[in-house]
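The primary structure of each chain is shown beneath.
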Amino acid sequence: MEFNVIWDNLGIANDFMFGKVMQDASLCQELLQRILPDLDIDHIEYPETQKSIRPDVDAKSVRLDVYVRDGKGTVYDIEIQVSDTKELPKRSRYYQSMIDLQMIDKGQYYKKLSPSYVIFICPFDIFGRGRHIYTFENICKEDTAVRLGDGAVKIFLNATGRQEDVSNELKAFLDYVAGKESEDVFVRRLKEAVNEARKNREWRHEYMTLLMRDQENIEKGIEKGIEKGIEKGIEKGKLEGRAEEIIETGYEFGIPEQGILERLQSKLGISRQTAQEYLARFGSQVR
């Protein structure tokens, strides 16, 4: 794998590159304002990229691409997702719960929970309706005019949308994510930021290290899978060999098939169905 070539071709749709570019608070603020035009986002406080949340030793930890607050305390998590893993709705639920855990400490009132937005930017249509944007809030099923008002919002952006459902400014950004050319001023700034990021030796080294670590983990996983497969094959072979011995002995001493089945189950700890399969396979060889 030629890591340098990969780095030189990274674009905004890569989560590592996206996180680095969004360290520029002005770019992050502009993006959020385009996604949420009805909000008045005056400034972004403490942009935090690749934020890790580890609730406890047993719970699944998460690493957020871009985690920021605005001047009113509203929290935004912005994620770039290039592959459709079929689990994004559930992942958005988990991310929002982890963010909530970060907001209040033990003994504090729930009213301390600030509004939060979990935003996924995708180059695919997760819901297949052709929309550029899907926004979800908790509402009453029986009366959709009634909102729960818990302050939790989930947004899924689709860079391949076909409907005229977003502003030209947001569409220009989504077109850029999809790899299309644009003369939009904000998109030009993003392009420049990506080009500058590629020149950053520290970020290059960090990305190469992560990429090599991921490659090593994949290779270890493959090796471990092969080893497990071999072990299972050996165990299966031993089990089948023992089953064949029991069946041969049973027929040799004239034990009825019902008795052989019972011996297979008790000696090998297998189900009745498996015992019958073994008897059908090996019994025909010795009868």
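Before reading on, note that the structure itself is shown above.
Throughout what follows, the structure given in this document is the object of discussion.

Helices and strands together make up the secondary structure of the protein chain, namely 9 helices and 6 strands. Across the 287 residues in the protein chain, those meeting the buried criterion constitute 37%. Put simply, 61% of the contacts in the protein chain that link residues at least 6 apart link residues at least 24 apart.

Glancing now at the packing of aromatic side chains. Centre-to-centre distance and the angle between the planes together describe a pair of aromatic rings. One pass over the structure, following the stated rule, counts 11 aromatic pairs. A ring pair is formed by Trp-7 and Tyr-207, whose centres lie 5.6 Å apart and whose planes are at 45°; its orientation type is tilted. Of this pair, Trp-7 sits in helix H1 (residues 3-8) while Tyr-207 sits in helix H7 (residues 201-252); the two residues are 200 residues apart in sequence, bridging distant segments of the chain. We classify Tyr-207 as buried; its relative accessible area is 8%.

Attention shifts here to the pairing of strand S4 (residues 116-122). Regular strands show a simple pattern: their side chains alternate between the two faces of the sheet. Burial analysis of S4 places 7 of its 7 residues in the buried class, the great majority of the element. Burial along S4 is two-sided: the face carrying Ser-116, Val-118, Phe-120 and Cys-122 and the face carrying Tyr-117, Ile-119 and Ile-121 are both buried. With 7 bridges connecting them, S4 and strand S6 (residues 152-158) associate as parallel partners. When the sheet's bridge partners are listed, Val-118 is paired in S6 with Lys-154.

Another point: the environment of Glu-244. With respect to the secondary-structure elements, Glu-244 resides in helix H7. A relative accessible area of 25% places Glu-244 in the partly exposed class. Taking the C-alpha atoms as reference, Glu-244 lies 5.9 Å from Phe-282; in sequence the two are 38 residues apart.

Another point: helix H3 (residues 25-35). Side chains that are three or four residues apart share a direction in an α-helix, a result of its 3.6 residues per turn. When we look at burial in H3, the residues that qualify are Leu-27, Cys-28, Leu-31, Leu-32, Arg-34 and Ile-35. Buried positions in H3, seen along its axis, are confined to an arc of 160° and lie on one side of it.

The next subject is the pattern of salt bridges. Under the defined criterion, the tally for this structure stands at 12 salt bridges. The closest approach of N and O atoms between Lys-86 and Asp-84, which form a salt bridge, is 3.1 Å. A relative accessible area of 31% means that Asp-84 is categorised as partly exposed. Of the charged contacts, one joins Arg-131 and Asp-165 as a salt bridge, the two residues approaching to 3.6 Å between their closest N and O atoms. You can see Arg-131 sitting in the loop between S4 and strand S5 (133-137) and its partner Asp-165 sitting in the loop between S6 and helix H5 (168-177), a full 34 residues away along the chain.

So, on to the environment of Gln-265. Its place among the elements puts Gln-265 in helix H8 (residues 257-268). C-alpha of Gln-265 to C-alpha of Ala-243: the two residues are 22 residues apart in sequence and 9.6 Å apart in space. Apart from the residues within four sequence positions on either side, Gln-265 is in contact with Ile-270, Ser-271, Arg-272 and Ala-275.

On to the side chain of Asp-184. Mapped onto the fold, Asp-184 is located in the loop between H5 and helix H6 (185-198). You can call Asp-184 buried: its relative accessible area is 17%. Side-chain polar atoms of Asp-184 contact the backbone nitrogen of Val-187, separated by 3.1 Å. Once you skip the residues sitting within four places of it in the chain, Asp-184 turns out to touch Arg-34 and Ala-172.

The rules behind these values
- Residues numbered from 1 in each chain as written.
- Predicted model: local features only at pLDDT ≥ 70, side-chain atom pairs only at ≥ 80, totals over all residues.
- Heavy atoms only, no water.
- Helix = DSSP H or I, 4+ residues; strand = E, 2+ residues; numbered from the N terminus.
- Buried < 20%, exposed > 50% of the residue type's maximum accessible area, 1.4 Å probe, protein only.
- Contact = heavy atoms within 4.5 Å.
- Phe/Tyr/Trp six-rings, centres within 6.5 Å; stacked < 30°, edge-to-face > 60°.
- Pairing = 2+ DSSP bridges.
- Arc of directions from axis to C-beta.
- Salt bridge = Lys/Arg side-chain N within 4 Å of Asp/Glu carboxyl O.
- Polar contact = N/O pair within 3.5 Å; in protein donor to acceptor, adjacent residues only side chain to side chain.

Bear in mind that shape data such as this cannot, by itself, settle questions of function.
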